[in-house]
Number of protein chains: 2
Amino acid sequence: MTITTPAGFRAAGVTAGLKASGRPDVALVVNDGPLHVAAGVFTSNRVVAAPVVWSRQAVSDGVATAVVLNSGGANACTGPEGFGDTHRTAEHVADVLGTSAGDVLVCSTGLIGERLPMDLLLAGIDGAAAALSPDGGADAATAIMTTDTVPKSATAAGDGWSVGGIAKGAGMLAPGLATMLVVLTTDAVVTAEVAEAVLRGATRSTFDRVDSDGCMSTNDTVLLLASGASGVTPDRDALAAAVTQVSGDLARQLVADAEGASHDIAVTVTGATTEEAAVAVARAVTRSNLFKAAVFGNDPNWGRVLAAVGTVPEDVAPFDAALLDVAINGVQVCRAGGVGESRDLVDLAAAREVRVDVHLHAGEATATVWTNDLTHDYVHENSAYST
Amino acid sequence: MTITTPAGFRAAGVTAGLKASGRPDVALVVNDGPLHVAAGVFTSNRVVAAPVVWSRQAVSDGVATAVVLNSGGANACTGPEGFGDTHRTAEHVADVLGTSAGDVLVCSTGLIGERLPMDLLLAGIDGAAAALSPDGGADAATAIMTTDTVPKSATAAGDGWSVGGIAKGAGMLAPGLATMLVVLTTDAVVTAEVAEAVLRGATRSTFDRVDSDGCMSTNDTVLLLASGASGVTPDRDALAAAVTQVSGDLARQLVADAEGASHDIAVTVTGATTEEAAVAVARAVTRSNLFKAAVFGNDPNWGRVLAAVGTVPEDVAPFDAALLDVAINGVQVCRAGGVGESRDLVDLAAAREVRVDVHLHAGEATATVWTNDLTHDYVHENSAYST
């Protein structure tokens, strides 16, 4: 149940030698049609990797036949030479598959500021092309892992069609987007316009609301490929729901596997004037190192939640600080901006998942943003290795 | 050489029993005049502690005779009862000193969301009043410490007048301001208007540019008291320079004593279109957990600097990503957005201080923001204790 679950797709994951660990590091996903519809959403970082520059342009016509992904190197901040490497990668895939380079999307992940070993990568592409299989989705999911500890796949079934996806991402998870590479597939019949709109909508409420460590990546890419192989043209809302379901499933898997984390924290803001205001307040909490460290220590330190909420400018999220309520795992520890139930009633050690509910009492809108706790393992992973 | 170095001030620091550790926790600073000029700058957090609400109002007439400060409790998010506690504190100080409550400023620091033990605090104020001394500045500096490991004092000498100051703050250090309490004194003759302007200017370029952990406090307060006891009216620029010098000195002491830090990091952005743009880019870097963890690991991971720089919106800081230069400890590891000198040439282990220079090549403005690395000790201190 992965990216090759929808009909019309083959995939592969192989070891090209880009990673010192010797683990798989090159993945190939091919859309055998009859449609070759594609849409993409990319990092909003102004410093973007060569493959993002390439793929953003290549997908702009709504058509793609293949995606090549490598771990073991981000090909970011590598100058014109790095862009040349991405171009060569796409040309090589096009030659091997008999398509055109402009229809090949490229994704890379790994250390910033190092050139890719192109001889290894191109040979790896040959191996991946030879290994392409309608059952290859799981191998592809494994080959794109970096500090991920488990491969990530998800599917959703429609009426005679389906949606599948794979994802990688464990650190640098932040809005707009995280260090994530995601490829979604569907065998539904869909136009490029609908694919684009459905993907943007799904991303906005799923991947964009995961903020593991507040750090925005240079390489984030979420792609949707549609083969039309089912022959079914689903209702647009049904397609949107299925793509959002798979995206949400993968986003939760990203949070659950975030670097060094011991808790997944869902910060839900209600009573906001607008959804944007709710998101802004939730993001402020998910970015508080002090609160995240407290959760790691199983300390329901709600004062740090309020201190974070109070940093949001009034024009972004109107609220009265004297009306704020905060509940942690259902215990209302803060009522009307002051002391509520005893913090001793909150048990954070019982489960990995922590629920923080902030009520602004300013309107009707709500939103949830996911994050992780700040742990020794996070510091260790991100100080001990160049990634 | 501390807050009582300028003439006309007495201070004391005593143990009232607010801290479980039994360390000093109540400080009193008295301005014996002849002038009783005062100015204050407070946190920009919308969730503010009761003493901030009180002191902001009390200092608004430009007059104060005393400041009472306690550690062992922030009196934040404690509702109307907490505000009543602050009011009672000011009234008690006024009774003991024979002044009016409206001329007594109050500062608190410690855990958010707990009421202060008022019986202990009021008895502590009696003890502090009895201990007031023209040599009491160092005791006051000690009594306001929380997770600080050393007391912080600084002075600057003018021509027949001087400026002194004490500060506390180790975590929750972030712009606008940090979890810091700072009291500055001068025996210069100065009007309330000049005191206010000089304090704002000094704060803007010193305390506001320290961002240890990106977390903004509910209690931050920086006060300037002027006694006029020197009889000298200094040139305004000379006073501003002295206040800025003392503020900068104390700000550096805050960074040097930040919770769990093993490096002090100065991020300097040059070639910006405006000073605000330079500050915005520098802040983005100082808030990157990934970069800060890399510095802890002595890893000059400049890709994480660029990834952070790229998150700043174009309307905030115009620049071309293809022109960015980054130097770490003087080694230009990134040139024109791509690979520069080898990162192996950078030695981060040699010194506590790390210099990161980012050149935007977009204008002439520059700014420096200080931060710390993200360490195991930071996570430990902020997960193991409610502070």
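As annotated in an unreviewed UniProt entry, chain A carries the name Arginine biosynthesis bifunctional protein ArgJ and comes from Cellulomonas triticagri. Chain A has a UniProt comment under Sequence similarities (unreviewed entry) that states "Belongs to the ArgJ family." In its Subcellular location (unreviewed entry) section, the UniProt entry covering chain A states "Cytoplasm".

(A) Looking closely at the domain arrangement of chain A. Residue and element names in this part refer to chain A. The domain architecture assigned to chain A consists of domain 1 (9-256) and domain 2 (264-384). Measuring from the centre of the C-alpha atoms in domain 1 to the corresponding centre in domain 2 gives 32 Å. Listed as interface residues are 14 residues of domain 1 and, on the opposing side, 18 residues of domain 2. A buried area of about 1,300 Å², summed over both sides, lies between domain 1 and domain 2, and 37% of it is on carbon and sulfur atoms.

(B) Structural detail: the environment of Pro117 of chain A. Examined against the element boundaries, Pro117 of chain A turns out to sit in the loop between β5 (104-108) and α3 (118-131). Owing to a relative accessible area of 31%, Pro117 of chain A belongs among the partly exposed residues under this scheme.

(C) Up close: the relation of the copies chain B and chain A. Placing chain B over chain A gives an RMSD of 0.0 Å and needs a rotation angle of 180°, together with 0.0 Å of translation along the axis. Within this description, the copies of the chain are treated as partners about a two-fold rotation axis. Ranked by how close their C-alpha atoms come to the rotation axis, the residues of chain B are headed by His376 of chain B, at 2.8 Å. The share of interface residues of chain B whose copies in chain A are also at the interface is 100%, consistent with both copies meeting through the same surface.

(D) Structural detail: the sheet that holds strand β7 (residues 162-168) of chain B. Residue and element names in this part refer to chain B. If you walk across this open sheet you meet the five strands as β3-β9-β8-β7-β6, and the pairing is mixed. Unpaired on one side and paired on the other, β3 (37-42) and β6 (152-157) mark the two borders of the sheet. Between one strand axis and the next, the sheet turns by 15° as a mean value, whatever way the strands run. For β6 and β7, the ladder comprises six bridges, and the chain directions are antiparallel.

(E) How the structure looks around the pattern of salt bridges. Residue and element names in this part refer to chain B. With the rule as written, the count across this model stands at 24 salt bridges over all chains. Between Arg10 and Asp32 there is a salt bridge whose closest N-O contact spans 2.7 Å. Note that Arg10 is positioned in strand β1 (residues 9-14) and Asp32 in the loop between β2 (26-31) and β3, a separation of 22 residues in sequence. With relative accessibility at 28%, the residue Arg10 sits in the partly exposed group. You can call Asp32 partly exposed: its relative accessible area is 42%. In this structure, the salt-bridge partner of Arg335 is Glu341, at a minimum N-O distance of 3.2 Å. The class of Arg335 is partly exposed, set by a relative accessible area of 40%.

(F) Quick peek at the interface of chain B and chain A. Listed per partner, the contact involves 55 residues of chain B and 55 residues of chain A. Of the roughly 4,200 Å² buried between chain B and chain A on both sides combined, carbon and sulfur atoms contribute 57%. Between chain B and chain A we count two salt bridges in total. Along the contact surface separating chain B from chain A lie six residue pairs in polar contact (both at pLDDT 80 or more). Elements with a minimum of two residues in the side of chain B that touches chain A: α8 (289-296), α9 (302-309), β13 (338-339) and α10 (376-384) of chain B.

(G) Looking closely at the UniProt feature "binding site: substrate" (unreviewed entry) in chain A. All names here are of chain A. On the UniProt side, "binding site: substrate" (unreviewed entry) is annotated at positions that read Thr146, Lys168, Thr179, Glu259, Asn382 and Thr387 here. If you trace the backbone, Lys168 turns up in strand β7 (residues 162-168). Within the structure, Lys168 has its side chain in polar contact with the side chain of Thr109 (distance 2.9 Å). Locating Glu259 in the fold gives a position in the loop between α6 (236-256) and β10 (264-272).

(H) Expanded view of the nonpolar core. Judged by nonpolar contacts, the single largest core of 49 residues is most densely connected at Val26, Leu28, Val67, Leu69 and Leu225 of chain B. Counting residues per element, this core draws most heavily on helix α3 (residues 118-131) of chain B, at six residues. Ranked by size, the runner-up nonpolar core spans 48 residues in total, among them Val30, Phe42, Ala94 and Ala101 of chain A.

(I) Main features of the packing of aromatic side chains. Residues and elements named next belong to chain A. A full pass over the atoms with the stated rule returns two aromatic pairs over all chains. Aromatic pair Trp54 and Phe83: ring centres 6.2 Å apart, planes at 50°, arrangement tilted. With Trp54 in helix α1 (residues 50-58) and Phe83 in helix α2 (residues 79-97), the pair connects residues that are 29 residues apart, well separated along the chain. Residue Trp54 is classed as buried on the basis of its relative accessible area, which comes to 12%. The ring of Trp370 carries Arg252 above its face, with NZ or CZ at 3.9 Å from the centroid.

Calculation criteria
Residues numbered from 1 in each chain as written. Chains lettered and ligands numbered in written order. Predicted model: local features only at pLDDT ≥ 70, side-chain atom pairs only at ≥ 80, totals over all residues. Heavy atoms only, no water. UniProt positions renumbered as here; feature names shortened; annotations may be inferred. Domains from an automatic or database assignment. Contact = heavy atoms within 4.5 Å. Buried area = accessible area lost by both parts, 1.4 Å probe. Helix = DSSP H or I, 4+ residues; strand = E, 2+ residues; numbered from the N terminus. Buried < 20%, exposed > 50% of the residue type's maximum accessible area, 1.4 Å probe, protein only. Least-squares fit on C-alpha atoms with pLDDT ≥ 70 in both. Pairing = 2+ DSSP bridges. Axes fitted to C-alpha atoms, helices over the stretch in contact; angles between N-to-C directions. Salt bridge = Lys/Arg side-chain N within 4 Å of Asp/Glu carboxyl O. Polar contact = N/O pair within 3.5 Å; in protein donor to acceptor, adjacent residues only side chain to side chain. Core = buried A, V, L, I, M, F, W, Y, C linked by side-chain atoms within 4.5 Å. Phe/Tyr/Trp six-rings, centres within 6.5 Å; stacked < 30°, edge-to-face > 60°. Lys NZ or Arg CZ within 6 Å of the ring centre and 35° of its normal.

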